[in-house]
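Chain by chain, the residues:
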Amino acid sequence: MKIQRFEQDSRMSDIVVYGDLVYLAGQVCTERDGMRAQAEDTLAIIDRLLVLAGTDKSKILSVMIYLSDMRNLPAFNAVWDAWVAPGCAPARACVGAQMARPECLVELCVTAAR
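The rules behind the values
Residues numbered from 1 in each chain as written. Predicted model: local features only at pLDDT ≥ 70, side-chain atom pairs only at ≥ 80, totals over all residues. Heavy atoms only, no water. 1 Å grid on protein atoms, 1.4 Å probe; cavity = no way out; pocket = protein on both sides within 12 Å on 5 of 7 lines; lining within 4 Å. Points joined across faces, edges and corners; volume = space filled by probe spheres on them. Helix = DSSP H or I, 4+ residues; strand = E, 2+ residues; numbered from the N terminus. Buried < 20%, exposed > 50% of the residue type's maximum accessible area, 1.4 Å probe, protein only. Pairing = 2+ DSSP bridges.

*Asks:* What am I meant to see in the layout of surface pockets here?
*Replies:* Each pocket or cavity is described by its volume, and for the largest pocket that value is around 240 Å³. Forming the walls of the largest pocket are 13 residues, and the residues nearest its centre are Gly26, Gln27, Val28, Arg101 and Glu107. Every element with two or more residues in the lining of the largest pocket is listed here: strand E3 (21–27) and helix H1 (35–52). For the lining of the largest pocket, the leading source of residues is E3, giving three residues.

*Asks:* How should I be thinking about the pairing of strand E2 (residues 13–18) in this particular structure?
*Replies:* Taken residue by residue, a regular strand's side chains alternate between the two faces of the sheet. Counting buried residues in E2 gives five out of six residues, a clear majority hidden from the surface. Of the pairings in the sheet, the one linking strand E1 (residues 3–8) to E2 comprises five bridges and is antiparallel in character. By the bridge assignment, Gln8 is partnered in E2 with Ser13. The pairing of E2 with E3 spans four bridges and is classified as antiparallel. The residue of E3 that forms the bridge with Val16 is Tyr23. What sits between E2 and E3 in their antiparallel hairpin is a turn of two residues, with Gly19 showing a positive phi close to 65°.

Here it is in C-alpha cells:
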C-alpha cells in the first residue's frame, strides 16, 4: 500500500494516510484565548484536515486529548459534545500534559478511517 503525506515540512506531516487509515498529527490552535475558543478552532482545523484526507469526523476511530490543565476538562467536553458526530463517538483518552508552548491549552491527535 502507498503512504500519502499531506501538509508536510522537514519535521512532520499534518496528515499521513495508509490504506484506509488516516493519522493526524497533534493539532493545536493558539490564536485565541480560553479553552472554549481554542477547542472550537482546533476542531475546525481537524474538520479541514479530515476532508483533505477524504474522510470526516463521523469516521474518527480514536482521539488522544492533551489538556494543559485538567480543570479545563468540563469546558473542553462542552465543545467536544457539541462537535462530535451523533452516534459516532470515537475511542478517547484525555490526559493532563505540559505543552510545548505555554499559550496552548489543548492538543488533539486523531486516527480515522476513510
